[in-house]
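Chains, contacts and geometry: an overview
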Amino acid sequence: MPRPHFDCNMTLPLLIEQVLNGLQAGVMLFLMAAGLTLIFGVMGLINLAHGSLYMIGAFFAAAVAAWSGSFLLGLVAALAGAAFAGALIERVVIRRLYGRDHLDQVLATFALILIFSEGTRWLFGSFPLYLDAPDALSKPIALPFGILYPAYRLAIIGVGLAVALGLFWLIGRTRLGIRIRAGENDREMIAALGVDIDRLYTMVFALGAALAGLAGALVGAIQSVQVGMGEPVLILAFVVIVIGGIGSIKGALIGALLVGLTDTLGGVFLPQLFKLFMEPAAATQTGASLASMAIYILMALVLIWRPTGLFGARA
Amino acid sequence: MTEPVLETRAITKSFGALKASDAVSLDLRPGEIHAIIGPNGAGKSTLIGQISGALVPDSGAVFLDGEDVTALPPQVRARKGLARSFQISQLAMEDSVLQNALLGALGAGGSPWRFFRPALSDRPLRERAEAALARVGLTEQAARVTAELSHGQRRLLEVAVALTMAPKVFVMDEPMAGLGTEGSAALTRLLDQLRHEAPILLVEHDMDAVFALADRISVLVYGRVIATGTVEEIRANRAVQDAYLGGET
Amino acid sequence: MSREAVINAVVVAGLVLVPLWAVWADEPFTITLATRAVVLALAAVGLNLALGLGGLVSLGHAVFFGIGGYAMGVLASHAQSYTPLMEWPVLIEGTKSMPIIWLVSIVASALVALVIGSVSLRTSGVYFIMITLAFGQMFFFFTISWAAYGGEDGLSIYVRNGFPGLNTLVPIQFYGLCLVVLLVVLVFCSALARSPFGLALNAARQAPERVQAVGLDPFRLRLVAFVISGAITGLAGALFADLARFVSPTMFSWQLSGEIMVFIIIGGVARLFGPVVGAVLFVMLEHWLGGLSDYWHVFLGLLLLGIVLFAKGGLIGVLAGKARAHD
């Protein structure tokens, strides 16, 4: 993800700014990873089209915000639009995949990516759309140590953490959460409890879709909104899940923050680190190459240590 | 007394609060059939898992032919002479019956690191596989796809795959399950001969088969061996009657 | 002869005759399309070994395609600029010779497959899918940041590399070379499927516990299969780079990994010629539908969805009338 440029002279403010950037990337990844891991945990489905739902959220937000002039309305549209798209594909396609093997799930959801990506390009063209952050949040905020940090990014961190808390509450404390947890453990049991499984599955899928759509809309105001924006984030979310452990919301949160911070800090500090003992041009090159691989190396290390992730059930 | 071929020394395995194996010590001597019986949930599967290597005990040790194999994975134990059959058939269902038997021969007598010549044209391998199929009476089914076999035929194929390995020890997990009276009788006759090739640790629910075959019986209840002895001793044992036999009849 | 064998024979005949017709009719573009189909088929044949026989749903096979491509790109770019690859500790020069480039591609992609396989095969199921996908992305971003070899822009190789005794600049000769490579690999794969190794690998997919119980290690079987599979796809990458005379990070992209898998599904999983039929059909669709609409991927997506949901077994499965391949 592109980052704002900073002057690299002062170390502590730089570090704080970069940590905030890493947090911001991390909480957005969490929104993606939480939905994916929930859908896998409850329905046993690997959904490659989750990145498309992220993109759909961003396009709804950009289109509605441009039409109405209200960012907030755009955000609502993103949530509703992604949730609706999620519920729709669950009813039409995904539902047929629950009992199938992973290969079928991968292929069918890959097909959905093709359909959604090209369909969106058909509707909106290949040029990126732009979504502006709301006026109230457009100015930087002064933090201690003389740091000026974009208010919008702080707000994103806040929203992300709030959603994380809300999810933990939902899963841990509500009737829906009890059903979801029961569904993870034993499908027949929840059927015996008289829960309508079909509806539960649609709801869980729509919930995951809404989270992805929210992330797409929020990030859309920092980056441009375009076709293909979802898949790189999807793959990062997979890395998050592999690190955190499949099916664990807590693992998704920890993994997302780890990945967000490693990616952001690595990109800034690895080249600096190499400058200590290499000539600047070579250091920048080596540092940048290594930084681009940092999170995957992190993933590999976690896997060697714990093949089922930090919070995954032992196989 | 002769050295046991297979021995467990006080193996213990817990899943959370449940002690599935509680200091289980057993041995299997040359030429014998040692049956393990016990009610459902007594920890028979956990025991087999630790003997075959699928599970690692929390404490205690497993010896195969005098060697401590506690830390070795299943495939290494198999190569050292331990052949097992599964309670729920573990067969390559899309492959032919002969191919499944070849697989067993491959693990014991061949190398899988050959990439060019067809496995079917490896004479020694094929003869070994066909001999095993003949012994369980599956010769005529050899070319069929395994998925088409009846339940009973699959049980026999399980045994045949173990036979191809020419092992030092057989560990059989309910080989009679789901066989009709006739099938059970045939398999009982086969196991009766087999004990002279390699001793058999037999987990079995079919009491007729157990009483007909076993040289010794161990009774497992709640993860513990409550009695070991000959058929007569076990029949006469009060604790066994209370805990198990009494409850069943 | 079974119906599948008839289909296979027809496919081979088509692959030989159609380009010859194109030479006669002076349709060089058809030869280029056919070459593209054959090379992509080779990549998918590589994946089919891991996927069909081994049951390994690798969503990162573009890695090996890219490694093969970059092996060609790096060697040939040094040869065309007359600069050595390295001078210390040993002098290594670039080369424009296909046999050497192929060898390097195969060895390099096999080594990368060994490393990726060692990590990812410790897991299974969805983990394996996600991890292979992630490693693909790692190489994608690495090559983008690798400025020495073109970074995001990639590398152009101005003249196609040479093969002893052939003029590879003549399209039909290069096509013939690619086709021979494909057929040789198909013969190898067909032998492998029947070999002791193939038997054990296939069983490890269906009943891993049984394979362990007879004394074989499923992990090692899968790792070797993954390495062979990666090497074949790597070789395809080198040929693809020579066809395009260009390599870029997109050779590592996740879309390509997905497409390689799609070829197999369209044709039929675990069938010897499944990937070939799939790749040929894909290239034809790409050409025809792509000519009709810029958004032809929508139709490809719908077709794929239809096959996955309703026609398991792919095109060969439908034509041969069996849902799944048995040997």
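Everything below is about the structure shown above.
Report on the accompanying structure. (Residues numbered from 1 in each chain as written. Chains lettered and ligands numbered in written order. Predicted model: local features only at pLDDT ≥ 70, side-chain atom pairs only at ≥ 80, totals over all residues.)

1. Here we look at the overall build of chain C
In terms of regular secondary structure, chain C is built from 13 helices and two strands. For 327 residues, the compact-globule estimate of 2.2 N^0.38 gives 20 Å, and the C-alpha radius of gyration of chain C, at 20 Å, lies within 12% of that figure. Expressed along its principal axes, the backbone C-alpha trace of chain C runs to roughly 55 × 50 × 40 Å. The buried share of chain C, taken over its 327 residues, is 58%. When contacts within chain C are restricted to residue pairs at least 6 apart in sequence, those whose partners lie at least 24 apart make up 76%. (Helix = DSSP H or I, 4+ residues; strand = E, 2+ residues; numbered from the N terminus. Rg over C-alpha atoms; globule rule 2.2 N^0.38 Å. Buried ≥ 20, exposed ≤ 12 C-beta atoms within 10 Å, placed from the backbone. Contact = placed C-beta atoms within 7 Å.)

2. Describing the interface of chain B and chain C
Reports often express the size of an interface as the amount of accessible area lost when the parts come together. Of the residues lining the interface, 34 residues belong to chain B; the matching set on chain C comes to 23 residues. For the side of chain B that touches chain C, the secondary-structure elements that each account for two or more residues are α2 (74-79) and α3 (97-109) of chain B. At seven residues, the largest contribution of residues to the side of chain B that touches chain C is made by α3(B). Residues that form the side of chain B that touches chain C fall into these classes: 19 nonpolar, eight polar and seven charged. (Nonpolar A, V, L, I, M, F, W, Y, C, P; charged D, E, K, R; others polar.)

3. A few points about helix α3 (residues 62-81) of chain C
The end-to-end C-alpha separation of α3(C) is 28 Å, in line with the 28 Å expected for 20 residues at 1.5 Å each. Following α3(C) by one or two positions, Tyr82(C) adopts a phi angle in the positive range, close to 55 degrees. (Expected span 1.5 Å × (residues − 1).)

4. Description of the packing of helix α2 (residues 50-68) of chain A against helix α8 (residues 197-220) of chain A
Residues and elements named next belong to chain A. Running from N to C, α2 and α8 cross one another at 55 degrees; their axes reach a closest spacing of 7 Å. As far as their axial angle goes, α8 and α2 are oblique. α2 and α8 meet at a crossing whose hand is right-handed. Here His50, Leu53, Tyr54, Met55, Ile56, Gly57, Ala58, Phe60, Ala61 and Ala62 of α2 lie close against α8, whose contacting residues are Ala209, Ala212, Gly213, Leu214, Ala215, Gly216, Ala217 and Gly220. Partitioning the contact of α2 with α8 into residue classes produces 13 nonpolar, five polar and no charged. (Axes fitted to C-alpha atoms, helices over the stretch in contact; angles between N-to-C directions. Parallel < 35°, antiparallel > 145°, perpendicular 65-115°, else oblique. Left-handed = near helix turned anticlockwise from the far one by under 90°.)

5. Some details on the interface of chain C and chain A
Each partner contributes residues to the interface: chain C has 36 residues there, and chain A has 38 residues. Contributions of two or more residues to the side of chain C that touches chain A are made by α5 (125-145), α10 (254-267) and α12 (296-310) of chain C. Here the side of chain C that touches chain A gets 14 residues from one element, more than from any other, and that element is α5(C). Residue composition of the side of chain C that touches chain A, grouped by class: 28 nonpolar, seven polar and one charged.

6. Re the arrangement of the chains
Taking contact number as the criterion, the leading pair out of two pairs of chains in contact is chains A and C. The least C-alpha distance between chain A and chain B, which are not in contact, is 12 Å.

7. Notes on the sheet that holds strand β5 (residues 67-68) of chain B
One key point about sheets: their strands pair by backbone hydrogen bonds, in either a parallel or an antiparallel sense. Residues and elements named next belong to chain B. Across the sheet, which stays open at both edges, the four strands sit in the order β2-β1-β4-β5 with antiparallel pairing between neighbours. Because the sheet does not close on itself, it has two edges, and the strands there are β2 (18-28) and β5. Note: strand β4 (residues 59-64) against β5, two bridges, orientation antiparallel. Among the inter-strand pairings, Leu64 is bridged to a residue of β5, identified as Glu67. Relative to the sheet, helix α1 (residues 44-52) contacts β1 (6-15), β2 and β4, its axis offset from that of β2 by approximately 60 degrees. (Pairing = 2+ DSSP bridges.)

8. Remarks on the packing of helix α4 (residues 123-136) of chain B against helix α5 (residues 151-164) of chain B
Residues and elements named next belong to chain B. Packing of α4 against α5 brings their axes to within 8 Å, and their N-to-C directions diverge by 140 degrees. By the angle between their axes, α4 is oblique relative to α5. The interaxial crossing formed by α4 with α5 has right-handed handedness. On α5, the residues touching Arg128, Ala129, Ala132, Leu133, Arg135 and Val136 of α4 are Leu156, Val159, Ala160, Leu163 and Thr164. Within the contact of α4 with α5, the residues separate by chemical class into eight nonpolar, one polar and two charged.

9. Re α1(B)
All names here are of chain B. Across the nine residues that make up α1, a large majority, eight, are buried. For α1, the full list of buried residues reads Lys44, Thr46, Leu47, Ile48, Gly49, Gln50, Ile51 and Ser52. One or two residues past the end of α1 sits Gly53, with phi positive at roughly 105 degrees.

10. Considering the sheet that holds strand β3 (residues 33-37) of chain B
Residue and element names in this part refer to chain B. The six strands lie next to each other as β6-β7-β8-β3-β9-β10, forming an open sheet whose pairing is mixed. Of all the strands in the sheet, just β6 (82-85) and β10 (224-229) have a single pairing partner and so form its edges. Put simply, the sheet's adjacent strands are angled 15 degrees from each other on average, direction ignored. Sheet analysis places strand β9 (residues 216-221) next to β10, joined by five bridges and oriented antiparallel. Looking across to β10, one finds that Val221 is bridged to Arg224. Across the face of the sheet, α5 comes into contact with β6 and β7 (169-173) while running at roughly 175 degrees to β6.

On their own, these measurements won't tell you what the molecule is for.
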